[in-house]
Amino acid sequence: MSEIKSYTVAAPGAVIAYDVRQPETGTAGDQPALLVVGSPMDASGFVSLAARFPDRTVVTYDPRGTGRSTKADPSTESTPDQHADDLHRVIDDLGGAPVDLFGSSGGAVNSLALVAKHPEQVRVLVAHEPPAAQVLPEREEALAATAAISKTYQEKGFGPAMAQFIAVVGLKGEIPADFGDQPVDPAMFGLPTEDDGTRNDALLGQNLISCTHYEHDFDALRAASTRIVIAVGVESEGEFAHRGGLGVAELIGVEPTVYPSNHAGFLGGEYGQQGDPDGFAAALRKSLSE
């Protein structure tokens with residue numbers, strides 16, 4: 001793998017940073033670039049996955065308001081449509097040719113939004129566990145739970161809200177109607193109990209509501225020229241994002257593909273988390289080549 005080259009592209013209200021890893025000479029053939037994205041996870045979360053595609057041009061990026069990507073007003077929400085437009089601009093800056101796209105979690109939501117608007121830019125999309133509250137059987141309870149987390153963040157700060165977030169994303173099964181009323185101790189998760197006064201966290205302040213509450217254009221997705229694969233983790237069955245993936249797959253009209261490990265299955269030690277990056281990369285390679 002050659003050295004990583006970094007670039008920036010201007011977008012309304014933001015400057016987006018992205019990285020390009022070129023393959024070894026002569027190994028890429030006619031394969032399109034592979035763009036791997038998360039949200040709010042930035043490029044640093046995809047080091048292990050990118051390393052397992054030495055034969056591909058691999059592009060990673062920092063979503064607006066995270067990592068190196070600046071945002072004019074960090075106190076405002078970022079929406080999937082804004083993120084989709086940012087990705088559209090990155091692909092244009094790469095030359096505009098169709099890419100293969102892997103999006104995980106919020107990155108899957110943003111990638112689906114991109115394909116709904118610009119299917120010509122994406123050959124294959126693998127959307128991994130989009131946390132789509134709108135498609136869950138307990139839609140109202142899921143929307144209320146995420147709204148409760150946002151309310152906790154605004155009223156009490158990062159630690160209490162993040163504790164609620166961890167509790168809801170790890171829950172196996174449907175989200176109860178009284179989730180917002182259940183106390184969660186941030187100290188149980190090693191989180192701060194004191195409020196530092198900030199309210200611009202990339203997850204809790206900028207993306208949580210806009211991502212989970214996003215209403216996908218399923219008509220556009222069904223009609224897209226892009227081949228769409230919805231991936232879900234074998235170990236995350238029953239969880240919010242896994243079930244969101246199942247719901248999205250059903251509404252698009254595709255069978256979900258089961259991937260190794262869990263919601264963070266591609267991690268190889270990033271953020272202290274260990275998934276199954278070898279198995280995950282093999283599954284992704286298969287999805288892209290079918």
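Before going into details, it helps to say that this report is about the structure given with it. Note on numbering: residues in each chain are counted from 1, in written sequence order. Totals for whole chains, interfaces and linings use all residues, but because this is a predicted model, local features are given only for residues with pLDDT of at least 70 and pairs of side-chain atoms are given and counted only at 80 or more. Hydrogens and waters are ignored; side-chain quantities use all the structure's heavy atoms.

1. Quick look at the overall build of the protein chain
Thinking step 1. Secondary structure is summarised from DSSP: a helix means a run of H or I of at least four residues, a strand means a run of E of at least two, and numbering begins at the N terminus for each. Secondary structure assignment for the protein chain yields nine helices and nine strands.
Thinking step 2. With respect to the three principal axes, the spread of C-alpha positions in the protein chain is 55 × 40 × 35 Å.
Thinking step 3. Going through the 290 residues of the protein chain one by one, you find that 53% of them count as buried.
Thinking step 4. In what follows, a contact means two residues having at least one pair of non-hydrogen atoms within 4.5 Å. For the protein chain, the proportion of contacts with a sequence separation of at least 24, taken over those separated by at least 6, is 73%.
Thinking step 5. Of note, the protein chain has its 20 positive side-chain charges centred 4 Å away from the centre of its 41 negative side-chain charges. Classification of residues uses two cut-offs on accessible area relative to the type maximum, computed with a 1.4 Å probe and protein chains only: under 20% is buried, over 50% is exposed, and between them is partly exposed. His is not counted, nor are the chain ends; Lys and Arg add positive charge and Asp and Glu add negative charge. Here the site of a charge means atom NZ of a Lys, CZ of an Arg, CG of an Asp or CD of a Glu.

2. Details of helix α8 (residues 240-252)
Thinking step 1. With 13 residues, α8 should reach 18 Å at 1.5 Å per residue; the first-to-last C-alpha distance of 18 Å fits that figure.
Thinking step 2. In terms of burial, α8 is a largely internal element, 10 of the 13 residues being buried.
Thinking step 3. Where α8 is concerned, the buried positions are Phe-240, Ala-241, His-242, Arg-243, Gly-244, Gly-245, Gly-247, Val-248, Ala-249 and Ile-252.
Thinking step 4. Contacts from the buried residues of α8 go to α3 (106-117), α4 (139-156), α5 (158-169), α6 (202-212), α7 (218-223) and β8 (227-233).
Thinking step 5. Two residues or fewer past α8, Gly-253 is found with a positive phi of approximately 95°. Under the convention used throughout, the expected extent of a helix is 1.5 Å for every residue step, that is, one less than its residue count.

3. Here's the deal with the layout of surface pockets
Thinking step 1. As a volume, the largest pocket reaches approximately 970 Å³.
Thinking step 2. For the lining of the largest pocket, the secondary structure elements donating two or more residues are α4, α5, α6 and α8.
Thinking step 3. At six residues, the largest contribution of residues to the lining of the largest pocket is made by α6.
Thinking step 4. Split into classes, the residues belonging to the lining of the largest pocket amount to 19 nonpolar, 16 polar and three charged.
Thinking step 5. Cavity and pocket criteria rest on a 1 Å grid covering protein atoms alone: a 1.4 Å probe that fits but cannot get out defines a cavity, protein on both sides within 12 Å along at least 5 of 7 lines defines an open pocket, and an atom within 4 Å of a point defines a lining residue. Grid points are joined across faces, edges and corners, and a volume is the space filled by probe spheres set on the points. Looking at the second largest pocket, its volume works out to about 220 Å³. Here the term charged refers only to Asp, Glu, Lys and Arg, the term nonpolar to Ala, Val, Leu, Ile, Met, Phe, Trp, Tyr, Cys and Pro, and the term polar to all other amino acids, Gly among them.

4. Thoughts on the pattern of salt bridges
Thinking step 1. By convention in these notes, a salt bridge is any Lys or Arg side-chain nitrogen within 4 Å of a carboxyl oxygen on Asp or Glu. Per the counting criterion, the structure on display carries 15 salt bridges.
Thinking step 2. With a shortest N-O distance of 2.8 Å, Asp-100 and Arg-56 are connected by a salt bridge. Taken together, the residues Asp-100 in strand β6 (residues 99-104) and Arg-56 in the loop between α1 (47-51) and β4 (58-62) connect sequence positions 44 residues apart.
Thinking step 3. With a closest N to O distance of 2.2 Å, Glu-140 and Arg-139 form a salt bridge.
Thinking step 4. Residue classification places Arg-139 among the partly exposed positions, given a relative accessible area of 29%.
Thinking step 5. Salt bridges sharing partners connect three or more residues here, namely Asp-19, Asp-62 and Arg-68.

5. A short note on the side chain of Ser-287
Thinking step 1. Residue position: Ser-287 is located in helix α9 (residues 277-289).
Thinking step 2. Residue class for Ser-287 comes out buried when judged on its relative accessible area of 3%.
Thinking step 3. Not counting residues within four places of it along the chain, the set of residues in contact with Ser-287 comprises Val-124, Val-126, Arg-227, Val-229, Thr-257 and Tyr-259.

6. Looking at the side chain of His-216
Thinking step 1. Tracing the backbone through its elements, the reader meets His-216 in the loop between α6 and α7.
Thinking step 2. A relative accessible area of 11% means that His-216 is categorised as buried.
Thinking step 3. Leave out the neighbours within four places in its chain, and His-216 touches Val-109, Leu-112 and Leu-221.

7. Some points on the packing of aromatic side chains
When we look at a pair of aromatic rings, we describe it by the centre distance and by the angle of the planes.
Thinking step 1. Centres within 6.5 Å make a pair out of two Phe, Tyr or Trp rings, where for Trp the six-membered ring is used; the pair is then stacked when the planes are under 30 degrees apart, edge-to-face when over 60, and tilted otherwise. Considering all chains together, one arrives at six aromatic pairs under this definition.
Thinking step 2. An aromatic cluster is built from Phe-46, Phe-102, Tyr-259, Phe-266 and Phe-280, whose rings are joined through pairwise contacts.
Thinking step 3. Over a ring means this: the NZ of a Lys or the CZ of an Arg is within 6 Å of the ring centre and within 35 degrees of the ring normal. A cation over an aromatic ring shows up here: Arg-199 above the ring of Tyr-153, its NZ or CZ 5.6 Å from the ring centre.

8. With respect to a nonpolar patch on the surface
Thinking step 1. Nonpolar side chains (Val, Leu, Ile, Met, Phe, Trp, Tyr) are joined into patches within 5 Å and like charges within 9 Å, using only residues with over 30% relative accessible area and no salt bridge. The method behind every accessible area is Shrake-Rupley, applied with a 1.4 Å probe, and residues are considered shielded solely by the protein chains displayed. A contiguous nonpolar surface patch, about 290 Å² in accessible area, is contributed by Ile-166, Met-188 and Phe-189.
Thinking step 2. Here Phe-189 shows up in the loop between α5 and α6.

9. Regarding α6
Thinking step 1. Of all 11 residues that make up α6, 10 are buried, and the element is covered over most of its length.
Thinking step 2. Those residues of α6 that sit buried are Ala-202, Leu-203, Leu-204, Gly-205, Gln-206, Asn-207, Leu-208, Ser-210, Cys-211 and Thr-212.
Thinking step 3. Contact partners of the buried residues in α6: β5 (70-71), α2 (80-93), α3, α4, α5 and α8.
Thinking step 4. The definition of a polar contact used here is a pair of N or O atoms within 3.5 Å, where within protein one atom must be able to donate a hydrogen and the other to accept one, and adjacent residues in sequence count solely through side-chain atom pairs. Looking at where α6 begins, the residue whose side-chain oxygen comes 3.1 Å from the main-chain nitrogen of Leu-203 is Asp-201.

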